[in-house]
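Summary of structural features
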Amino acid sequence: NILGDRNPNFTAGFLNSFSYKNWKLSFLWDLKVGGDIFNATDMYLTLQGKSIRSSDRLTPRVVKGVLRDGLENSATPTQNTIVLTPYYAQTYYTTMPESEFIEKDVNWFRLRDLTLSYTFPERILNNAKWIKNLSVFFTGNDLILMTNYSGGDPAVNGNTTATRGVGGFGFDYGNTGAPVSLNFGIKASF
C-alpha cells in the first residue's frame with residue numbers, strides 16, 4: 001500500500017546574470033513541483049501535545065468511521081455518532097495514523113543564490129601596479145522561499161550524505177530549514 005511519493009513531478013532552475021558597466025547581478029531560482037513529504041516533526045509535536053493540531057483539544061468532535069457492532073462489514077454499517085473531547089481521550093492523538101502527517105503535492109519556489117559584484121575600473125588600479133584585477137561582491141543564499149509546506153523547509157533530508165541507499169529526502173524529522181546566509185568578499189588577482 002503506497003502512502004506517498006516523495007519524487008517531484010518536475011524540477012527546474014533559472015540561472016541568469018545581468019551586467020551594467022562594472023556591476024554584475026547573478027541569481028539562481030529553484031522550482032520544485034509535486035512530491036510528498038512525511039512531516040514526522042509535526043507527528044512528534046502532536047504526540048507531545050505541542051502541535052497546532054492539538055491546540056483545539058478541548059473542542060468536542062465526532063470521528064468519522066463506523067462502529068464495531070457486527071455490521072461494520074455489511075452494506076449498512078452503523079456510522080459513528082459518539083462525541084469525544086481529545087483532551088480527555090489521550091488515544092485521539094496517540095493513535096493517529098502516520099498517513100495523517102504526509103503532506104501531498106508540496107511545491108516550492110526558492111531564490112537559492114543572489115550575487116551582486118562590482119569590478120573596479122583599471123584607472124583606479126593604475127596607482128597600484130601589483131594589482132591586475134580587483135572586485136568586491138555580496139552574496140545571499142536562500143533569501144526567499146515560497147511554499148505550501150507547513151514545516152520548516154520542504155528541501156528536507158532525514159539522513160546525511162554518509163547514509164547508504166536512496167537517502168532520506170522527503171522525511172522531515174526535527175530538521176531545521178536552510179538558513180539565510182550573507183557573504184561579503186573581495187577578489188583580487190596579482
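Bear in mind that the values here come from a model prediction, so they are computed numbers and not experimental data.

Quick look at the overall build of the protein chain now. Within the protein chain, the regular secondary structure consists of 3 helices and 10 strands. When the elements of the protein chain are put in sequence order from the N terminus, they spell out β-β-β-α-β-β-α-β-β-α-β-β-β. The C-alpha radius of gyration computed for the protein chain amounts to 26 Å, which surpasses the reference 16 Å derived for 190 residues by more than 25%, pointing to a less compact arrangement than a globule. If you line up the protein chain on its principal axes, its C-alpha atoms span 95 × 35 × 30 Å. Residue burial in the protein chain is summarised as follows: out of 190 residues, 27% are buried. Sequence separation of at least 24 residues holds for 69% of the intrachain contacts in the protein chain that already meet a minimum separation of 6. On the protein chain, roughly 13,200 Å² of surface is accessible, and the fraction owed to carbon and sulfur atoms is 57%.

As a further point, take the pairing of strand 7 (residues 108–119). In the sheet, strand 2 (residues 23–33) pairs with strand 7 via 10 bridges, with the strands oriented antiparallel. The residue bridging W23 from the neighbouring strand is Y118, located in strand 7. Summarising the sheet, strand 7 and strand 8 (residues 133–147) pair through 11 bridges and their orientation is antiparallel. Residue pairing across strands places T119 opposite S135, the latter belonging to strand 8.

Here we come to the sheet that holds strand 1 (residues 10–20). The strands making up a sheet are joined through hydrogen bonds of the backbone, oriented either antiparallel or parallel. Ordered by their spatial adjacency, 5 strands build an open sheet running 1-2-7-8-10, and the pairing between neighbours is antiparallel. Strand pairing shows two members of the sheet lacking a second neighbour, strand 1 and strand 10 (181–189), which therefore form its edges. Taken pair by pair, the neighbouring strands of this sheet meet at an average axis angle of 15°, ignoring direction. Alignment of strand 1 against strand 2, held across 11 bridges, turns out to be antiparallel.

Let's shift gears to the sheet that holds strand 9 (residues 171–172). If you trace the 3 strands from one edge of the open sheet to the other, you get 6-3-9, paired in mixed fashion. Only two strands of the sheet have a single neighbouring strand rather than two, namely strand 6 (102–103) and strand 9. Bridge count between strand 3 (residues 37–39) and strand 9: 2 bridges; the pairing is parallel. Opposite F38, over in strand 9, you have F171 as the bridge partner. Together, strand 3 and strand 9 form the strand contacts of helix 1 (residues 40–47), whose direction differs from that of strand 3 by roughly 20°.

Even without glycine at this site, K21 takes up a positive phi of about 55°. Looking at the element boundaries, K21 is found in the loop between strand 1 and strand 2. At D142, a position not held by glycine, the phi torsion is positive, near 55°. Considering the arrangement of structural elements, one finds D142 in strand 8.

By secondary structure assignment, the location of V66 is in the loop between strand 4 (61–62) and strand 5 (83–84). For the pair V66 and G167, spaced 101 residues apart in the sequence, the C-alpha separation amounts to 39 Å. Setting aside residues up to four positions removed in sequence, V66 forms contacts with E72, P77, T78, Q79 and N80.

Applying the stated criterion across every chain, the model contains 9 aromatic pairs. Seen from their ring centres, W29 and F109 are 4.6 Å apart, and the 10° between their planes marks the pair as stacked. On the criterion of sequence distance, the pair formed by W29 in strand 2 and F109 in strand 7 is long-range, its members being 80 residues apart. Ring plane angle 85° and centroid distance 5.0 Å describe the contact between Y92 and Y93, whose orientation is recorded as edge-to-face.

So, how was this worked out
Counting of residues starts from 1 at the beginning of each chain's written sequence and follows it residue by residue. The model is predicted, so local features are restricted to residues of pLDDT at least 70 and side-chain atom pairs to those at 80 or more, both for listing and for counting; the totals for chains, interfaces and linings are taken over all residues. To get the side-chain values, all heavy atoms of the structure are used, and hydrogens and water are removed first. Helix and strand labels come from DSSP, where a helix needs a run of H or I of at least four residues and a strand needs a run of E of at least two; each type is numbered from the N terminus. Radius of gyration here uses only the C-alpha atoms, and the compact-globule reference equals 2.2 Å multiplied by the residue count raised to the power 0.38. The rule is simple: take the accessible area with a 1.4 Å probe, protein chains only, and divide by the maximum for that residue type; under 20% is buried, over 50% is exposed, in between is partly exposed. Two residues qualify as a contact provided that any one of their heavy atoms is within 4.5 Å of a heavy atom in the partner residue. Surface accessibility in these figures is a Shrake-Rupley result with a 1.4 Å probe; residues are shielded only by whichever protein chains are displayed. A pair of strands counts as paired when DSSP detects no fewer than two bridges linking them. All axes here are fitted lines through C-alpha atoms, helices being fitted over the stretch that makes contact, and every angle between N-to-C directions spans 0 to 180 degrees. For this analysis, a ring pair means two rings from Phe, Tyr or Trp (six-membered ring only for Trp) whose centres lie within 6.5 Å, classed as stacked if their planes differ by under 30 degrees, edge-to-face if by over 60, and tilted for the remaining angles.

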